[in-house]
Amino acid sequence: MFGFVRRAQDRLEDALAHGRERFGIAEKLGERLWLFNSLTISLAQPLIELGRFDEAWDYLEQAQQISREPGGGFAGVVHAYRIAILVARGRLDEAAR
């Protein structure tokens, strides 16, 4: 929630800091869905908005691993964020695949 508010306020670095806190908590708790959401919504999204595509891609790699676990099933979310990165980089042919 706070990350969303920070992004809406155009406080992307604050949103990212909140995402890192959220990620750390989820990691300690071992809560996979919360961890997946932290990697995608709380970390990758503000990084994409900041133009830090390589960092966002790395977090999406971790989220992809979680989506492959039993009960994961969220590969479409990761794919959508990856397409956003490819489009932002002007790699439209790759994004169209």
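Look above for the structure.
Asks: Would you take a moment to explain the environment of Gln65 for this structure?
Replies: Positionally, Gln65 belongs in helix H4 (residues 53-67). Separated by 10 residues in sequence, Gln65 and Ala75 place their C-alpha atoms 9.1 Å apart.

Asks: Just checking my understanding: could you explain the nonpolar core for this structure?
Replies: The nonpolar side chains of soluble globular proteins are, as a tendency, buried together. In terms of nonpolar packing, the biggest core is built from 19 residues, with Leu35, Leu39, Leu43, Ile48, Ala56, Leu60 and Ile85 touching the most fellow members. Elements with a minimum of two residues in this core: helix H2 (12-29), helix H3 (32-49), H4 and helix H5 (75-88). It is H3 that contributes the most residues to this core, seven residues altogether. Other than its neighbours up to four places away in sequence, Leu35 contacts Phe23, Ala26, Glu27 and Ile66.

Asks: What's the story with the packing of H2 against H3 in this structure? I'm lost.
Replies: The axes of two packed helices give the description: the angle between them and the distance between them. Two numbers describe how H2 lies on H3: the axes approach to 9 Å, and their chain directions differ by 160°. Taken together, the axes of H2 and H3 are roughly antiparallel relative to one another. Considering only the axes of H2 and H3, their crossing is left-handed. Note on element contacts: H3 touches H2 through Trp34, Leu35, Asn37, Ser38, Leu39, Ser42, Leu43, Pro46, Leu47 and Glu49, opposite Leu12, Ala15, Leu16, Gly19, Arg20, Arg22, Phe23, Ile25, Ala26, Glu27 and Leu29. Residues of the contact of H2 with H3, tallied by class, amount to 13 nonpolar, four polar and four charged.

The rules behind these values
- Residues numbered from 1 in each chain as written.
- Predicted model: local features only at pLDDT ≥ 70, side-chain atom pairs only at ≥ 80, totals over all residues.
- Heavy atoms only, no water.
- Helix = DSSP H or I, 4+ residues; strand = E, 2+ residues; numbered from the N terminus.
- Core = buried A, V, L, I, M, F, W, Y, C linked by side-chain atoms within 4.5 Å.
- Buried < 20%, exposed > 50% of the residue type's maximum accessible area, 1.4 Å probe, protein only.
- Contact = heavy atoms within 4.5 Å.
- Axes fitted to C-alpha atoms, helices over the stretch in contact; angles between N-to-C directions.
- Parallel < 35°, antiparallel > 145°, perpendicular 65-115°, else oblique.
- Left-handed = near helix turned anticlockwise from the far one by under 90°.
- Nonpolar A, V, L, I, M, F, W, Y, C, P; charged D, E, K, R; others polar.

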